[in-house]
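# A structural walkthrough
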Amino acid sequence: MADSLQWRYLEALRRDAPAYHQLRFGSAEVGLQGLQDQLLSSGQALIEYVAGEETLYIFAFNGKQFALDTVQISKEELRRHVSIFRENMNPAGADGLRSAERASQFSKTAHTLYELLIGKVQIDLPERLILIPDDVLSDLPFDALLRKVDLPVDDIPRQVGAGNFLIQSKSLSYGFSIRTLQQMTVSPPPELHCSSLKI
């Protein structure tokens, strides 16, 4: 079942976005079990996002499970959410004073994005996640997403104290593509030898 979903996902990408497919996956393809064995260590999961014009595809797997989820959201709407999130990360207004409205907008958008991007994933997510964002999601600091929002929503220190930020429950790392991660595991970086330093 999982291999069938993976195949349909890759075929849709190859058909609808061949240049993107080549960049992301290259010519060598590996089955799901191969990806799990090659890329993940114990207690780790990978989530890759592909932003289509009207649909966000979320490809996720851990050592035992695989899921391909879709979220019906346009690329433009996703861009709008990320923009609002980034604009309100600093709760200070133009006058330099804390703005309850900005803090509230940040909290609400951080939780909405969490629900769209992490909350929709249909596999068990261990503590360590590898995220491969796409398009506008490359500008999103997933670490600052809120798993839940305690009242009052404009109280950011309360959110921190309650452990609501994603970074407080998950260790996150980022990658450009599955293909790049594969290449990094197959070809470790060369050792640099320097016998002297001359200035």
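Before any of the text, the structure's been laid out above.
Reference entry: report on the structure contained in this document. (Residues numbered from 1 in each chain as written. Predicted model: local features only at pLDDT ≥ 70, side-chain atom pairs only at ≥ 80, totals over all residues. Heavy atoms only, no water.)

## So, the pairing of strand 2 (residues 56–61)
How we decide: Think of it in three bands: with a 1.4 Å probe and only protein chains considered, a residue is buried below 20% of the maximum accessible area for its type, exposed above 50%, and partly exposed in between. The way it works is that DSSP assigns letters per residue, a run of H or I at least four long becomes a helix, a run of E at least two long becomes a strand, and they are numbered from the N terminus. Here, strands pair whenever DSSP counts at least two bridges between them.
Summarising burial for strand 2: five of the six residues are buried, a large majority. Where strand 1 (residues 44–51) lies against strand 2, six bridges are found, and the strand directions are antiparallel. What sits directly across from isoleucine 47, in strand 2, is alanine 60. The loop that links strand 1 with its antiparallel partner strand 2 comprises four residues. Of the pairings in the sheet, the one linking strand 2 to strand 3 (residues 66–71) comprises six bridges and is antiparallel in character. From the neighbouring strand, phenylalanine 61 faces strand 3, where its bridge partner is phenylalanine 66.

## Topic: the environment of glutamate 54
Definition in use: Residue contacts are counted whenever heavy atoms from the two residues lie within 4.5 Å of one another.
Its place among the elements puts glutamate 54 in the loop between strand 1 and strand 2. The sequence separation of glutamate 54 and leucine 78 amounts to 24 residues, and the corresponding C-alpha distance is 9.7 Å. In this view, glutamate 54 contacts Val71, Gln72, Ile73 and Ser74; residues no more than four positions away in its chain are not counted.

## Notes on the nonpolar core
Worth spelling out the cut-off: The set of buried Ala, Val, Leu, Ile, Met, Phe, Trp, Tyr and Cys residues whose side-chain atoms join them within 4.5 Å is what this entry labels a nonpolar core.
Core analysis: the biggest nonpolar cluster contains 37 residues, and Ile47, Tyr49, Leu56, Leu117 and Phe142 have the highest contact counts within it. Looking at this core, the elements that each hand over two or more residues are strand 1, strand 2, strand 3, helix 4 (75–87), helix 5 (100–117) and strand 4 (128–132). Top element by residues in this core is helix 5. It accounts for seven residues. Ignoring anything within four residues of it in the chain, the contact list for phenylalanine 142 reads Tyr49, Leu117, Ile118, Leu131, Pro133, Leu137, Leu166, Leu172 and Tyr174. Of all hydrophobic cores here, the second largest spans 15 residues; its members include Tyr9, Leu10, Ile130 and Ile178.

Don't take any of this as a statement about function, it's just geometry.
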